[in-house]
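This is what each chain is made of:
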Amino acid sequence: MESTKVQGTHTASSVPRAEKVSVWAVAAKFWRKLRDKLFGCLMKREVTSLLSRSTRQIRQLGRPKAAGCFWMKSLRDQHQIRRPPPGASPCLSPDVQGKRDTVKEHVTEDMLKEVTDVYISETDSISLLDISSTVVSVDADDAEAILERNNQYAEVCRIRTGNDKYVDRSVQTLNGTAKNKQVQSDSPVLVDTATTVTTWDLYDILISPEKDEEVCSPELGRADYPEAVVNTSKGAERSVSVGSTDSTASAASSLKEVEAFGNSINAEPDLQLIMLSEKFQHCSLVMESSILGNTFQPKLAAYRQLPVIEDPDSVVKPGTEEDTESPPAVERLWAFSCELSRGRSISSMAWNKRNPDLLAVGYAAFSSSNHKPGLVCCWSLKNPTWPERFIHCDSAVTSLDFSSSNPSQLAVGMQDGTITIYSVKSPDNKSWFISSSECPNKHLDPVWQIRWTQQELSVTGEEKVESLFSVAADGRISKWFVCNNGLDCIDLMKLKKIHNIKKKAGGIKTESVVSALTPGLCFDFHPTDSSVYLVGTWEGLVHRCSCSNSQLFLETYRKHFCPVNCIAWSPLSPDVFLSCSSDWTIQLWKSDLQNPVFGFSSTQRAVCDIKWSPKWATVFGAVNEGQLEIWDLNSSILDPIIVQPAAAGVKMKSLLFATQTDCVLVGDSDGQVTVYQLKNLSVAESSQVDILEGIICSAGSGKL
Amino acid sequence: MAGTEHAEVEETLKRIEVHKGVIGTIVVNAEGIPIRTTLDFSTAVQYAGLLRTLTIMARSTVRDIDPQNDLTCLRIRSKKHEILVAPENDFLLIVIQNPCE
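Basis of the calculations
Residues numbered from 1 in each chain as written. Chains lettered and ligands numbered in written order. Predicted model: local features only at pLDDT ≥ 70, side-chain atom pairs only at ≥ 80, totals over all residues. Heavy atoms only, no water. pLDDT = per-residue confidence, 0-100. Helix = DSSP H or I, 4+ residues; strand = E, 2+ residues; numbered from the N terminus. Contact = heavy atoms within 4.5 Å. Phe/Tyr/Trp six-rings, centres within 6.5 Å; stacked < 30°, edge-to-face > 60°. Buried < 20%, exposed > 50% of the residue type's maximum accessible area, 1.4 Å probe, protein only. Pairing = 2+ DSSP bridges. Core = buried A, V, L, I, M, F, W, Y, C linked by side-chain atoms within 4.5 Å. Patch = residues over 30% accessible without salt bridge, like charges linked within 9 Å, V, L, I, M, F, W, Y side chains within 5 Å. Areas by Shrake-Rupley, 256 points an atom, 1.4 Å probe, with all protein chains shown as cover. Salt bridge = Lys/Arg side-chain N within 4 Å of Asp/Glu carboxyl O. Arc of directions from axis to C-beta. Axes fitted to C-alpha atoms, helices over the stretch in contact; angles between N-to-C directions. Parallel < 35°, antiparallel > 145°, perpendicular 65-115°, else oblique. Left-handed = near helix turned anticlockwise from the far one by under 90°.

Enquirer: Can you break down the confidence of the model for chain A residue by residue, with the values?
Expert: All names here are of chain A. The predicted model of chain A averages 71 in pLDDT, with 67% of residues at 70 or higher. When mean pLDDT is taken per element in chain A, strand S2 (residues 118-122) scores highest with 89 and helix H9 (residues 232-246) scores lowest with 38. Residue range residues 500-514 is modelled with pLDDT below 50. Its contacts to residues more than four positions away, or to other chains, number 9 contacts.

Enquirer: Report on the packing of aromatic side chains, specifying residues and quantitative values.
Expert: Counted by the stated rule, this structure contains 15 aromatic pairs over all chains. Between the aromatic rings of Trp612 of chain A and Phe620 of chain A, the centroid separation amounts to 5.7 Å while the plane-to-plane angle is 65 degrees, which identifies the pairing as edge-to-face.

Enquirer: Provide a residue-level description of the pairing of strand S26 (residues 607-612) of chain A, including the pertinent values.
Expert: Burial runs high along S26 of chain A: 5 of the 6 residues are buried. Counted between consecutive antiparallel strands, the loop separating S26 of chain A from strand S27 (residues 619-624) of chain A contains 6 residues.

Enquirer: Go over unusual backbone geometry, please, and point to the residues and values.
Expert: Glycine aside, residues mostly have negative phi angles, and peptide bonds mostly take the trans form. All names here are of chain A. Of note in the backbone geometry, Trp584 takes a positive phi value of approximately 70 degrees without being a glycine. As for its position among the elements, Trp584 is in the loop between strand S23 (576-581) and strand S24 (586-590). The partly exposed category is assigned to Trp584, whose relative accessible area is 40%.

Enquirer: I'd like to hear about the nonpolar core, residue by residue, with values.
Expert: The tendency in soluble globular proteins is for nonpolar side chains to be buried as a group. Residues and elements named next belong to chain A. In terms of nonpolar packing, the biggest core is built from 27 residues, with Tyr303, Trp334, Phe336, Leu359 and Leu665 touching the most fellow members. Sorting the residues of this core by element identifies helix H12 (278-303), strand S3 (329-336), strand S4 (346-351), strand S5 (358-363), strand S6 (375-380), strand S31 (663-668) and strand S32 (673-679) as the ones contributing at least two each. Of all the elements, H12 adds the most residues to this core, at 5 residues. Apart from the residues within four sequence positions on either side, Phe336 is in contact with Leu359, Trp379, Ser380, Leu381, Asn383, Pro384, Leu665, Gly671, Gln672, Val673 and Val675.

Enquirer: Mind laying out a nonpolar patch on the surface, listing which residues take part and the relevant values?
Expert: A cluster of nonpolar residues, Phe30, Leu34 and Leu174 of chain A, forms a patch on the protein surface that exposes about 250 Å² of accessible area. You can see Leu34 of chain A is positioned in helix H2 (residues 19-59).

Enquirer: Would you mind going over the pairing of strand S18 (residues 520-525) of chain A in detail, with residue names and values included?
Expert: Residue and element names in this part refer to chain A. In terms of burial, S18 is a largely internal element, 6 of the 6 residues being buried. The sheet contact formed by S18 and strand S19 (residues 532-537) spans 5 bridges and is antiparallel. Note on S19: the bridge partner recorded for Asp524 is Leu534. Counting the residues that bridge the hairpin from S18 to S19 gives 6 residues.

Enquirer: Explain helix H7 (residues 199-207) of chain A to me, and be specific about the residues and the numbers.
Expert: When H7 of chain A is considered as a whole, its buried residues turn out to be Trp200, Asp201 and Asp204 of chain A. Looking straight down H7 of chain A, one finds its buried side chains confined to an arc of 110 degrees; they lie on one side.

Enquirer: Before we move on, can you summarise the packing of H7 of chain A against helix H2 (residues 41-65) of chain B with the specific residues and values?
Expert: Packed helices, taken two at a time, are described by the angle between their axes plus the distance between the axes. Here H7 of chain A crosses H2 of chain B at 70 degrees, and the two axes come no closer than 8 Å. Comparing the axis directions of H7 of chain A and H2 of chain B gives the class roughly perpendicular. Both H7 of chain A and H2 of chain B take part in a crossing whose hand is left-handed. Residues Thr199, Trp200, Tyr203 and Asp204 of chain A of H7 of chain A form the contact with H2 of chain B, whose participating residues are Ser60, Arg63 and Asp64 of chain B.

In structure tokens form, the structure reads like this:
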């Protein structure tokens, strides 16, 4: 206690000018005088030794030490104390030293006004007296002496009370004057935060820590709240959400004002960023299909053979009565068309093998010019107004087909003889493709048909490999494979012109020497035995060939006298196929009979395309330029049961049956693919194949 | 590449906007400010503000039931028209369509 006192007074006395310390100075002087009078030399010595300690401590100002007592020092004093030489001070009396210090400085106005910093710190604990109690064992040598002394001391204590030898005395201790100090500071900024933690918040934080860390680091700078360090982005979102859920109408309106004010500045970069993000693209596509779904809902529902939902709020029109006895008809559902495709003639259509909602349509050029580039569009059922993919080709597209082993590969045959395989996976129009344009063996004439077919590799028929086959106007049927970043082919068959065998003199039958090749227009592989295929030629002949024999045809079917436009094996009935030709007729053949079983003709127009229905063995569809015809052999073999005329000025060009539903797609010369639904086809319940067989047999027996 | 992507997105948006029955489209950024709209600005702001709250609520509902799930589309069918909202973290795409026409 005393040491503190002394130090404080000593320093205080030397700085009378600072206002804070003046009280100390007065007190110190008083204390010094009192002490000197009361305690004499002995005390002084002790005090000086204490003083010396204090001065030493004062000099070591730079290092505050932990102590049992406090001492106060002002910055100014630092300089002063160092001035007197270290050896001199302990010997002098505090009075003299204090006076010497005060003489040196002159108090100026400025000095009074200066603000001095006062540092308070702890010093080491100074023990003045430390006698620890000792314990002696009873068996020790001087135990008796100690015991005796203890007894004496106890005696003295007992006698003390009321004894004249002992006098009680009191000593006055001086309490240091306390001083109140007030400091003004800024009030701490308090912010209320609230957050709701939901189960998905916890899930997000637990499951995706890596993603959050990446997001956290650039955003840490923005974090205002220490508790949001873990997950700042989510924190911001959450706080926004909390704020918005608590917002009342007034808050919303104020928000509106803020938004209206600060809108234009921040909008542009945001818009660009958002527009370029992938998510936005995806979103907009999803949105588009939803909107279109709304618009086309009745049509799509009819396509999917779902009951059509009547819109309860729409104007209720008087519904037409469905007559169950009404004749079979087609109902037009919708048409795939867009500006890109308008005006182009459709040459071929194909469904995707894996996704039955994806349709690839090949567009030829305008009929007038042969050099306009062709177009392939991949349409999805979700969006009949804009294709999912469109690929511009170098020349008019004449045929296309999707692969079944790689469902995203689309093979396209073009008018200049090139075959290109595109990949429709990515939306990028510059997608991967390989072309046969560098192949030396490529077709030089339009590729009229192209087909992916699975073929068995080995004799045992275990492995099936898919290969690409094409037939072109140069009379070759080729099998293509990928090599060296391009396509290469081997010829399966060359379609030689077959003239009538002339009998020369001597009875030698000779064939014409000049065996030019005749253009092949269509081909089809047998549905079960994929090494056998049919080819239709320009001469009107249909050849049945085998992949293993590249020189001779297995069989030739003669009936047509005009180019055969399309051949189709029946998918359900074995060994039955149809052929259609520009001679206005459709012929139904059985593969072991030389003559056709049936011939159909309804109009005097070239039949462009013919397809079997995938569901009913007796139903097939045909397209000639003016109309769509659906034939059902069970009902009538003379007339088609459904005739749908084409729109005015438009020629129907190609036909495709939908695999899952009763719909028919017709492509026309205006670039539209119209979807028709077959209605009221009274198809017999019993097996269609048997019916067909029966019909054929009866016809065959009739003819024979 | 970015240019073509941008053009494609532009095209898609345009197609949506001119589609039959679509009354308006609004693209809202993360702060709730409509940055692209075919409606007048005050209506757009109103839609944006109100739908944002609803979207957050809907998303919270979906995710509370199953945290692995997430909201993909919110459709509100009313008497007069249908509001389709595609919510994302950074933006909202709102389309108002009248499908009866």
